[in-house]
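Okay, here's what each chain looks like letter by letter:
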Amino acid sequence: MSKNYQESLDYLYSLQFFGIKLGLDNVRSLLARVNNPQQQLRIIHIAGTNGKGSTSAAITSILHAAGFSTGLYTSPHLHHFSERIRINTKQVSEVEIVSLIEEIRPHAEQLKATFFEVTTVMALLVFARHKVDWVVLETGMGGRLDATNTVIPELTVLTPIAFDHAGFLGNSIAAIAAEKAGIIKPGIPVVCAEQEPEATEVIRQACARLGSTLMQSGVDFHVSVDCVMERFSVTGKRGSLGPYGSSLAGLHQCQNQGLALAVIMELKQRGLVVSDAAVAAGLRQLRWPGRLEWLADRVLIDGAHNLAGIDALVQYLERMNLSDLHLIFGCKEDKQASDMLVRLLPYAACVYATKPPDVDAVDPGVMVAVARQHGVAATGFSTARSALAAARQARNEQATIVVAGSLFLIADLRAALVENPNVLDIIAL
């Protein structure tokens, strides 16, 4: 890592001092100062609680396999800032990041822009300069007031909506859905995953009010999953695709990839040429690290960090008949930590409670008390890596270590377990 690159990142991370600004005026001003690059782009805009990243990656991989140049913007990153901004599935270079930050910095300082506002503008600017055919743009935390919501997309996508970030987005599914549905634009089609009834009603009302066609899973198209073979297909008003095998672990990923297929079907309806062979290739080579990812030495890491994510992890543990686990668990303090841990305890032989690095985290002692109240042995650790060392020493060769509760936690341990964490490929090479 070059000195200039590290200095540029240090500046960018310093913008987190300004916290989270829920509003669009700042980012609109920042975009105007760099000549509104978003106006040159064909964009697929994606919001939701869970599945945004894997759905975005699947769409990008398919479009890339079909011969289109692509830009992908996701967050957060696991190991390296450049994971957030990809051209043709590859992380942008350090040189390009330094140049972008130097260009935007004077404007950002005048506007007191936040980290996410600046990174969003960086992404849109680099996508426009690379003249990509398609951009897959993932929202950050919310939707309506998210920095990405300054764009006018060609298609809007909503992944499953669940409880998360209640302090910012609301204390009910309907309230959170209203924030996520805030990315819906007048007359722009919406492709939507299956939702809780309260979320469905909010989304339907938004589409009706704005004159946007709604294509909803379970109503307008159906994702059929063969649970034994882990194959899936999509049928509906726009035709059919599949069946395809899933390259990502977990039946919930079949649903996420099914949503991506519905997006491709909608784009084909609008004249985009994507062959069945390109769809198959895009799905076959897809990778999304950090989510139900098996590492060497029987270590399973999963970025589940809310109750819906934990439920998907539990479903996977049951299907794989995994039990007597050595569970390394830690959460940010704004999560439903105790409820999340309780759902995993039936599968755990012992718990190694710890803190995700670099965030305000739940005290490991609280997690230890919860585990012991449910009859599961537990020990607290001040760092994730000391918890990993203890788990590896205590287990036998056949036992599985599972790491869950926070993306920050799995990022820290993944960096200790893989050879080159700074390269995070989303397609198989």
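In this text the structure is predicted, and so the values were computed from the model without any measurement.

**Quick notes on the pairing of strand 16 (residues 377–380)**
Bridging between strand 15 (residues 348–353) and strand 16 involves four bridges; their strand directions are parallel. In the sheet register, Ala353 faces strand 16, and the bridge partner there is Gly380. Note that the unit made of strand 15, helix 13 (residues 364–373) and strand 16 has a crossover that is right-handed.

**Some words on the nonpolar core**
One finds Ile44, Leu63, Leu261 and Leu267 to be the most contacted residues of the largest nonpolar core, which totals 41 residues. Among the elements that take part in this core, helix 9 (residues 251–269) stands out by supplying nine residues, more than any other. Core analysis: the next-biggest nonpolar cluster, separate from the first, contains 40 residues, Leu9, Ile43, Val121 and Ala123 among them.

**Points about the packing of helix 14 (residues 384–394) against helix 15 (residues 407–417)**
Two numbers describe how helix 14 lies on helix 15: the axes approach to 9 Å, and their chain directions differ by 60 degrees. When the axis of helix 14 is compared with that of helix 15, the two are oblique. Considering only the axes of helix 14 and helix 15, their crossing is right-handed. Together, Ala384, Arg385, Leu388 and Arg392 of helix 14 and Leu409, Asp412, Leu413, Ala415, Ala416 and Leu417 of helix 15 make up the contact between the two elements. Of the residues belonging to the contact of helix 14 with helix 15, the class tally is seven nonpolar, no polar and three charged.

**Some words on the side chain of Gln253**
By the secondary structure assignment, Gln253 is in helix 9. Residue classification places Gln253 among the buried positions, given a relative accessible area of 4%. Side-chain polar atoms of Gln253 contact the side chain of Ser54, separated by 3.1 Å. Polar side-chain contacts of Gln253 include one of 3.0 Å to the side chain of Asn256. Those residues in contact with Gln253 that sit more than four places away from it in its chain are Ser54, Leu248 and Arg291.

**A look at the packing of aromatic side chains**
In this structure the tally under the stated criterion is five aromatic pairs. On the numbers, 5.6 Å between centres and 20 degrees between planes, the contact of Tyr13 with Phe115 is stacked. With Tyr13 in helix 1 (residues 3–14) and Phe115 in helix 5 (residues 115–129), the pair connects residues that are 102 residues apart, well separated along the chain. Tyr13 gets classed as partly exposed once you look at its relative accessible area, which sits at 27%. An aromatic cluster is present here, built from Tyr13, Phe81 and Phe115 joined pairwise through their rings. If you follow Arg105 out to its NZ or CZ, it ends over the ring of Tyr11, 4.0 Å from the centre.

**Description of the sheet that holds strand 12 (residues 293–295)**
Taken together, the six strands give an open sheet; going across it, the order is 12-13-17-14-15-16, and neighbouring strands pair in mixed fashion. Taken across any chain shown, the strands that pair with only one partner, and hence form the sheet edges, are strand 12 and strand 16. Sheet twist, expressed as the mean angle between neighbouring strand axes with direction ignored, is 20 degrees. Note that strand 13 (residues 299–301) and strand 17 (residues 401–404) share three bridges and pair parallel. Bridging across to strand 17, Ile301 finds its partner in Val403. Strand contacts of helix 12 (residues 337–344): strand 14 (325–329) and strand 15, with the helix running at about 170 degrees to strand 14, the strand carrying the most contacts. Of the strands in this sheet, strand 14, strand 15 and strand 16 are in contact with helix 13, which crosses strand 16 at around 175 degrees.

**Here we look at the environment of Pro289**
Topologically, Pro289 is positioned in the loop between helix 10 (276–284) and strand 12. Separated by 218 residues in the primary sequence, Pro289 and Gly71 place their C-alpha atoms 18 Å from one another. In this structure Pro289 touches Leu78, Arg414, Leu424 and Asp425, once residues within four positions along its chain are discounted.

**Overview of the environment of Ala308**
Looking at the secondary structure, you find Ala308 in helix 11 (residues 307–319). In this structure, the C-alpha to C-alpha distance between Ala308 and Asn50, residues 258 residues apart in sequence, is 7.5 Å. Excluding residues that lie within four positions of it along the chain, Ala308 makes contacts with Asn50 and Ala162.

**So, unusual backbone geometry**
Here the residue pair Ser75 and Pro76 is connected by a cis peptide bond, since its omega of -5 degrees sits within 30 degrees of zero. For the bond running from Gly242 to Pro243, omega is 10 degrees, close enough to zero to count as cis. When you line up the elements, Pro243 lands in strand 11 (residues 239–245). Although it is not a glycine, Asp297 sits at a positive phi angle of roughly 70 degrees. A relative accessible area of 46% places Asp297 in the partly exposed class.

**Concerning the pattern of salt bridges**
Enumeration according to the criterion identifies 15 salt bridges in this entry. For Glu109, the salt bridge is made with Arg105, and the minimal N-O distance between the two is 2.8 Å. A residue pair is termed a helical-turn pair when its members lie 3 or 4 positions apart in one helix, as Glu109 and Arg105 do in helix 4 (residues 94–111) at four residues. A salt bridge links Arg414 to Glu293; the nearest nitrogen and oxygen atoms lie 2.9 Å apart.

**Overview of helix 14**
When we look at burial in helix 14, the residues that qualify are Ala384, Ala387, Leu388 and Ala391. The arc enclosing the buried residues of helix 14, seen along the axis, measures out at 100 degrees, which places them on a common side. Those residues of helix 14 hidden inside the fold are in contact with strand 14, strand 15, strand 17 and helix 15.

**Brief notes about the pairing of strand 15**
Burial runs high along strand 15: five of the six residues are buried. Two strands pair when backbone bridges link them, and strand 14 and strand 15 are joined in this way by five bridges, in the parallel orientation. If you follow Ile328 over to strand 15, its bridge partner there is Tyr352. For the crossover from strand 14 across helix 12 to strand 15, the handedness is right-handed.

Cut-offs and rules
Here the residue index of a chain counts from 1 through its sequence in written order. Given that the model is predicted, a residue must reach a pLDDT of at least 70 before its local features are reported, and side-chain atom pairs must reach 80 or more before they are shown or counted; all residues, however, enter totals for whole chains, interfaces and linings. Hydrogens and water are ignored here; the side-chain numbers use all heavy atoms of the structure. Any two strands are treated as partners once DSSP identifies two or more bridges connecting them. Helix and strand definitions here come from DSSP, where helices need a minimum of 4 consecutive H or I residues and strands a minimum of 2 consecutive E residues; each element is numbered from the N-terminal end. Here is how to tell: hold the view so the strands point away, follow the path from the first strand over the helix to the second, and if it runs clockwise the crossover is right-handed. By nonpolar core we mean a set of buried residues, namely Ala, Val, Leu, Ile, Met, Phe, Trp, Tyr and Cys, connected to one another through side-chain atoms within 4.5 Å. Buried means the residue's accessible area, taken with a 1.4 Å probe over protein chains only, is under 20% of the maximum for its type, while exposed means over 50%, and partly exposed covers the values in between. Simply put, an axis is a line fit to the C-alpha atoms, just over the touching stretch for a helix, and the angle between two N-to-C directions goes from 0 to 180 degrees. Oblique is the label for any angle not under 35 degrees, not over 145, and not in the 65 to 115 range, which are roughly parallel, roughly antiparallel and roughly perpendicular in turn. Throughout, a crossing is termed right-handed when the near helix is turned clockwise from the far one, and left-handed when it is turned anticlockwise from it by less than a right angle. In this description, contact between two residues means that some pair of their heavy atoms is separated by no more than 4.5 Å. Ten residues, namely Ala, Val, Leu, Ile, Met, Phe, Trp, Tyr, Cys and Pro, are considered nonpolar, four, namely Asp, Glu, Lys and Arg, are considered charged, and the remaining ones, Gly among them, are considered polar. The term polar contact refers here to a pair of N or O atoms within 3.5 Å; inside protein, the definition further demands a hydrogen-donor-capable atom paired with an acceptor-capable atom, and it admits residues adjacent in sequence only when both atoms are side-chain atoms. Any Phe, Tyr or Trp ring, taking Trp's six-membered ring, that has another such ring centre within 6.5 Å forms a pair; planes under 30 degrees apart are called stacked, those over 60 apart edge-to-face, and the others tilted. Charge-over-ring placement is defined geometrically: NZ (Lys) or CZ (Arg) within 6 Å of the ring centre, and within 35 degrees of the ring normal. We define a salt bridge as a contact between a side-chain nitrogen of Lys or Arg and a carboxyl oxygen of Asp or Glu at a distance within 4 Å. The directions from the helix axis to the C-beta atoms form the arc being described.

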